[in-house]
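# Inside the fold
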Amino acid sequence: MPLTPDKDWWRQAVVYQVYPRSFADSDGDGIGDLRGVTSRVEHLRRLGVDAVWLSPFYPSALADGGYDVDDYRDVDPRLGTLADFDEMLATLHDAGIRVIVDIVPNHTSNRHEWFRQALEAGPGSPERDRYVFRDGLGPDKDQPPSDWRSTFGGPAWEPVGDGQWYLHLFAVEQPDLNWDNPDVREDFLKTLRFWADRGVDGFRVDVAHHLAKDLSADPLPSAAELPILDEVVDGSHPLGDREELTEIYAGWREVLDSYDPPRAAVAEAWVAPARRHRYARPTSLGQAFNFDLLRANFDAREFREIVDRNLAATAESGSSNTWVLSNHDVVRHPTRYGLPDDTSGEGDVGRRWLLSGGAAPELDPVRGLRRARAATMLVLALPGSAYVYQGEELGLPEVADIPAQDRQDPTFFRSPGHDVGRDGCRVPLPWAADAPSYGFGPTSAAHLPQPPWWGALAVDRQEGVDGSTLELYRAALRLRRELLGAEALEWLDDAAVGAAAPGGTVLAFGRPGGWVNVTNFGAEEVPLPDGEVLLASGDLGHGVLPGETTVWLRR
Ligand code: GLC
């Protein structure tokens, strides 16, 4: 199916996130690559996704899974070449699937040409001005400029041996760029053009809220004085979500709009929900991730509140909604939903469970998957775009017991005893139960160990199997394409669905054209509402909607 020339394709697209190093390996070195993606386009076509978002595939030392970029306009030789990229893009386009690439503008890697030049050129040089260098404190300048902590743990400043320190909000190998510097601004426009000229359809913008910073205070505020970023709503935080971003992204939008069709962009911005629209409006990136469901329990009230809040937010920005249940940074949702409710609102239960090696709190994997399937169907019925993370379509859970010596995520190394990091959702995918590396590649090599039970979830074990998660996703995406209309939603109260839900545990809504979604969040069955049953996330009893199940109806 060829691509349609629709400039609004992204508004209600199902976007499949490929984490390239863990998706499919064509050459047997244990690292997924671009030819691997090309070889699996048929899987994506049959799944029925509208677009693929590729996490970084650029040259990188992999200090942060590729988010430490050495060169923004090339392909990591372990993952292929630019020619492989072009071939992958053409194959995806031929299958009617658009391509979004990841842009990492807050930091480069410490192996980037610019950073090497900055180290050589010394204090006060124009080369250093592309990054955030400051003199250390104290007579010998051997104290960091502030006590700030990096997101991955440990100090956010690193000394370079001549009295200066550089800022890295993430890993030591990820020096923050200085977005007041014109070279930096110009170079990212060049990168956008480079990929847009090759034919990519859109960009995912990594930590889009951090680029602009104000480090003019002397002394710098202490970590204790810094407000929590996503609680600040007036743009006054020195390290993120600042007003200067408006101008930066207006410049990006100009470049993106110079293409036909205009290139899409989606911001990863961990900011207060009330500020998200600043990234999502049409004069800015156009869309921003809504991560609210990543922190929510499987709970009707929480889901309803999040849906309402985000529908209001997109009405304000003019953008469309983005629904996310899993990605490469969080505990996979079948696992999250199999753990006890999180009362912190921070998704802490999953982190604690990982820290314990999967021992505590106790996981109920059957319940987790049942709820995950119900939540996925609900999200796919909502107005807006849905982001599906690779392996979700197989119902993959998080892998908890990765041995310490195999872990890769910098969070693990920088937060000993506090966080084990994100490797558990990045384990190479199982494609074939009985093949070496479960079909990930032609050899048994896999850059993160695959657990012995991985094969049971492989694509070839689920294909054609009634009720398998793979077939559920395929059916849901096929139906969604048929049913999708305007971005409108109408809540249906209990009377309208005829489901007397104990304690408000059923969420039901209609979409234009008679498509009705009913999700029973409770553990008890409720009467099945009237209508033609199109699809259900689990077996329907006779005349009932079982607990933790979603049904789509036509009325
Ligand atoms: C984003 C990415 C994450 C990465 C971080 C630093 O949050 O999703 O994987 O570690 O940015 O680039």
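Let me begin by describing the structure that accompanies this report. Bear in mind that the values here come from a model prediction, so they are computed numbers and not experimental data.

Calculation rules
Residues numbered from 1 in each chain as written. Predicted model: local features only at pLDDT ≥ 70, side-chain atom pairs only at ≥ 80, totals over all residues. Heavy atoms only, no water. Core = buried A, V, L, I, M, F, W, Y, C linked by side-chain atoms within 4.5 Å. Buried < 20%, exposed > 50% of the residue type's maximum accessible area, 1.4 Å probe, protein only. Contact = heavy atoms within 4.5 Å. Pairing = 2+ DSSP bridges. Helix = DSSP H or I, 4+ residues; strand = E, 2+ residues; numbered from the N terminus. Axes fitted to C-alpha atoms, helices over the stretch in contact; angles between N-to-C directions. Phe/Tyr/Trp six-rings, centres within 6.5 Å; stacked < 30°, edge-to-face > 60°. Parallel < 35°, antiparallel > 145°, perpendicular 65-115°, else oblique. Left-handed = near helix turned anticlockwise from the far one by under 90°.

F85 and W252 are the most contacted members of the largest nonpolar core, which totals 132 residues. In this view, F85 contacts L34, L54, F57, V75, V101, W195, R198 and V200; residues no more than four positions away in its chain are not counted. Counting 15 residues, the second-largest nonpolar core is a separate cluster that includes W165, L215, L220 and L226.

Turning to the sheet that holds strand β7 (residues 202-205), a few remarks are in order. The pairing of strands in a sheet happens through backbone hydrogen bonds and is either parallel or antiparallel. Strand order in the open sheet made by the eight strands is β9-β8-β7-β3-β2-β1-β11-β10, with parallel pairing throughout. Taken across any chain shown, the strands that pair with only one partner, and hence form the sheet edges, are β9 (286-288) and β10 (322-324). The average undirected angle you get between the axes of adjacent strands in this sheet is 25°. Pairing analysis gives four bridges linking β7 to strand β8 (residues 264-267), with the strands arranged parallel. Its bridge partner lying in β8, G202 is registered against A264. Contacts between helix α3 (residues 82-94) and the sheet are confined to β2 (51-54) and β3 (98-103), with β3 contributing the most and set at about 140° to the helix.

Below, the discussion takes up the packing of aromatic side chains. Enumeration according to the criterion identifies 33 aromatic pairs in this entry. Consider the rings of Y58 and W195, whose centres lie 5.9 Å apart with planes at 50°: the pair is tilted. Here W195 lies in helix α5 (residues 182-198) and Y58 lies in the loop between β2 and α3, a separation of 137 residues in the sequence. Note on Y58: relative accessible area 0%, which makes it buried.

Time to look at the packing of α5 against helix α6 (residues 244-257). For the pair α5 and α6, interaxial distance at closest approach is 10 Å and the crossing angle is 30°. Classed by the angle they form, the pair α5 and α6 counts as roughly parallel. The hand of the α5/α6 crossing is right-handed. Contacts between α5 and α6 involve R185, F188, L189, L192 and R193 from the former and E247, I248, G251, W252, V255 and L256 from the latter.

Moving on to the sheet that holds strand β5 (residues 157-159). Ordered by their spatial adjacency, three strands build an open sheet running β4-β6-β5, and the pairing between neighbours is antiparallel. Whereas interior strands pair on both sides, the edge strands pair on one side only; in this sheet they are β4 (133-135) and β5. Shown here is a sheet whose adjacent strand axes are inclined to one another by a mean of 35°, direction ignored. Bridge count between β4 and strand β6 (residues 164-167): three bridges; the pairing is antiparallel. Counterpart to D135 in the pairing with β6 is Q164.

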